[in-house]
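Fold and contact review
As a plain string of letters, each chain reads:
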Amino acid sequence: MNLTQYLPLTETTLYIMLALRQPAHGYIIMQKVEELSTGRVRIAAGTMYGALENLLKQKLIDNVPSNDARRKLYQLSETGYKVLRLEIERLKHILTIAGNTGFEEGI
Amino acid sequence: MKQFKLFIDFTKEEQYLNEQAKKGYKFFKYSCLGFYHFVNAAPADTNYRIDYHTFKNQYDFNNYITMFEDSGWRHVYGTKSSGGQYFLPIIEDAPSDIFSDVTSKAQRYIRYQRTCILWFVLLFIYSTSFLLINKPGLSAPIFLTPGLWEKQGLRFWFAFLFELPFALMRVLPAFLFLAGSIYNGCLAIMARKSYKNFLSQNKEQA
């Protein structure tokens, strides 16, 4: 399967996938994303639900058994991990290129 | 109080519910074909938000509602398969919208359109296959009373009117389904238009 078809990830998707390296339910993911992005990315409930549905459909995340009857748990799937790694590689490459062509490191 | 209204555009529907609340009519239920149910309440400034989703099972539905409740939105109305899901903010400093980007907000029109297309296809297949297979009035008689059309005067009218409800029951459902199919086809086209309108109005934010 060609995993590059999923790239580039949107900022929202990237943060959700980063957050889902550990299993979490919807609201926890929202809080985690906000925390990871130091408050810059706030995903509202409707957007979050749609994004999770899309990721499930693409099999980048899975549902894992939850003992809460009203909250499903989501977690990054194996494919999801591979896609996330590819995306990070892609972003690293961009950073390197930017550095090599005159952008100072850290900017 | 009940009011009949048809909305394709969710933004206009949200505005309508807010205006009703300002007049002292609190929305509490939507029933099929477009009836909005209100109770009298103190006039209030509200921020209704509408999403469109149908769910495979109760667990999915509960999970969805809880995700909203956890983040400050009360589920006002909507069932597992009703599609329209109505929300009001629970807390004062709740975020102003249930969507945080234009793309995901536009997707609700697409989900609505998909439901309309599904009904269009189902009702179309059902009604046309019924009409094509049975050919009411052509290969299959609509009235089954033997010798009905040879009867005269009062006897004819008595037999005719007696069978009419049964005859209608034989053909009317197919035509109603056909009408329903066309109706849903129109809704699907209008939903698509609303989707495009919404995107073009919000282009600068996308």
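Computed from a predicted model, the values in this text were never measured in an experiment. (Residues numbered from 1 in each chain as written. Chains lettered and ligands numbered in written order. Predicted model: local features only at pLDDT ≥ 70, side-chain atom pairs only at ≥ 80, totals over all residues. Heavy atoms only, no water.)

A closer look at the environment of B:Phe38
All names here are of chain B. With respect to the helices and strands, Phe38 occurs in strand E3 (residues 35-40). Here Phe38 falls in the buried class, since its relative accessible area comes to 2%. When neighbours within four sequence positions are excluded, Phe38 is seen to be in contact with Met1, Gln3, Tyr16, Leu17, Gln20, Tyr25, Lys26, Phe27 and Phe28. (Helix = DSSP H or I, 4+ residues; strand = E, 2+ residues; numbered from the N terminus. Buried < 20%, exposed > 50% of the residue type's maximum accessible area, 1.4 Å probe, protein only. Contact = heavy atoms within 4.5 Å.)

Focus: the interface of chain B and chain A
Listed per partner, the contact involves 21 residues of chain B and 21 residues of chain A. Around 1800 Å² of area is buried between chain B and chain A when both sides are counted, 53% of it from carbon and sulfur atoms. The largest per-residue losses of area from chain B upon contact with chain A belong to B:Tyr59, B:Met67 and B:Asp70, which jointly make up 33% of the total buried on that side. Across the contact surface, chain B and chain A share 2 salt bridges. One can count 11 residue pairs in polar contact (both at pLDDT 80 or more) joining chain B with chain A. Of all the secondary structure elements, the ones that give two or more residues to the side of chain B that touches chain A are strand E4 (49-53) and helix H2 (58-70) of chain B. Tallying contributions element by element places H2(B) first for the side of chain B that touches chain A, with 11 residues. Here the side of chain B that touches chain A is composed, by residue class, of 8 nonpolar, 7 polar and 6 charged. (Buried area = accessible area lost by both parts, 1.4 Å probe. Salt bridge = Lys/Arg side-chain N within 4 Å of Asp/Glu carboxyl O. Polar contact = N/O pair within 3.5 Å; in protein donor to acceptor, adjacent residues only side chain to side chain. Nonpolar A, V, L, I, M, F, W, Y, C, P; charged D, E, K, R; others polar.)

Observations concerning the pairing of strand E2 (residues 73-76) of chain A
All names here are of chain A. Taking every second residue as pointing to the same face, the buried face of E2 carries Tyr74 and Leu76, while none of Leu73 and Gln75 on the other face is buried. Bridge count for strand E1 (residues 61-64) against E2 is 4 bridges, and the pairing is antiparallel. Residue pairing across strands places Val64 opposite Leu73, the latter belonging to E2. (Pairing = 2+ DSSP bridges.)

Side note on the nonpolar core
In this structure, A:Ile16, A:Ile29 and A:Leu52 are the most contacted members of the largest nonpolar core, which totals 38 residues. Those elements that provide at least two residues to this core are helix H1 (11-19), helix H2 (26-36), helix H3 (45-57), E2 and helix H4 (78-100) of chain A together with H2 of chain B. The leading source of residues in this core is H3(A), at 6 residues. Counting residues in each nonpolar core, the second largest holds 27 residues, with B:Tyr16, B:Val76, B:Leu88 and B:Ile110 among its members. (Core = buried A, V, L, I, M, F, W, Y, C linked by side-chain atoms within 4.5 Å.)

What about the side chain of A:Lys72?
Turning to its location among the elements, A:Lys72 is positioned in the loop between E1 and E2. A distance of 2.4 Å separates the side chain of A:Lys72 from the side chain of B:Asp60, its partner in a polar contact. Sequence-distant contacts of A:Lys72, defined by excluding residues within four places in its chain, comprise A:Ala24, A:His25, A:Gly26, A:Asn63, B:Tyr59, B:Asp60 and B:Asn63.

As for the pattern of salt bridges
Residue and element names in this part refer to chain B. Under the criterion given, the structure shown has 13 salt bridges over all chains. Arg108 is paired through a salt bridge with Glu14; the nearest N and O atoms lie 3.1 Å apart. With Arg108 in helix H3 (residues 102-134) and Glu14 in helix H1 (residues 10-22), the pair connects residues that are 94 residues apart, well separated along the chain. The partner of Arg49 in a salt bridge is Asp97, and the shortest N-O contact between them spans 3.6 Å. With Arg49 in strand E4 and Asp97 in the loop between strand E6 (83-89) and H3, this pair connects stretches of sequence that are 48 residues apart. As far as burial versus exposure is concerned, Arg49 and Asp97 are alike and both buried. Several salt bridges share partner residues, and in doing so they unite Glu14, Arg49, Asp97, Lys105 and Arg108 into one network.

A few points about the sheet that holds E3(B)
All names here are of chain B. As summarised here, the arrangement of the 3 strands in space is E1-E3-E2, forming an open sheet in which the pairing is antiparallel. Strands at the two margins of the open sheet, each flanked by one partner only, are strand E1 (2-4) and strand E2 (25-31). Between one strand and the next, the sheet's axes are offset by a mean angle of 30°, whatever the strand orientation. Note: E1 against E3, 3 bridges, orientation antiparallel. For Lys2, the partnering residue across the bridge sits in E3 and is His37. Sheet strands in contact with H1 are E1, E2 and E3, and its direction is about 25° off that of E3. (Axes fitted to C-alpha atoms, helices over the stretch in contact; angles between N-to-C directions.)

Some remarks on the confidence of the model for chain A
On average, residues of chain A carry a pLDDT of 93, and 96% of them reach 70 or more. The secondary-structure element of chain A with the lowest mean pLDDT is H4(A), recorded at 94, while E2(A) shows the highest, at 97. (pLDDT = per-residue confidence, 0-100.)

Description of H3(A)
At 3.6 residues per turn, the α-helix brings residues three or four places apart onto the same side. With 13 residues, H3(A) ought to run about 18 Å at 1.5 Å a step, and its terminal C-alpha atoms sit 18 Å apart, in line with that. Of the residues flanking the end of H3(A), it is A:Lys59, one or two places downstream, whose phi is positive at about 60°. (Expected span 1.5 Å × (residues − 1).)

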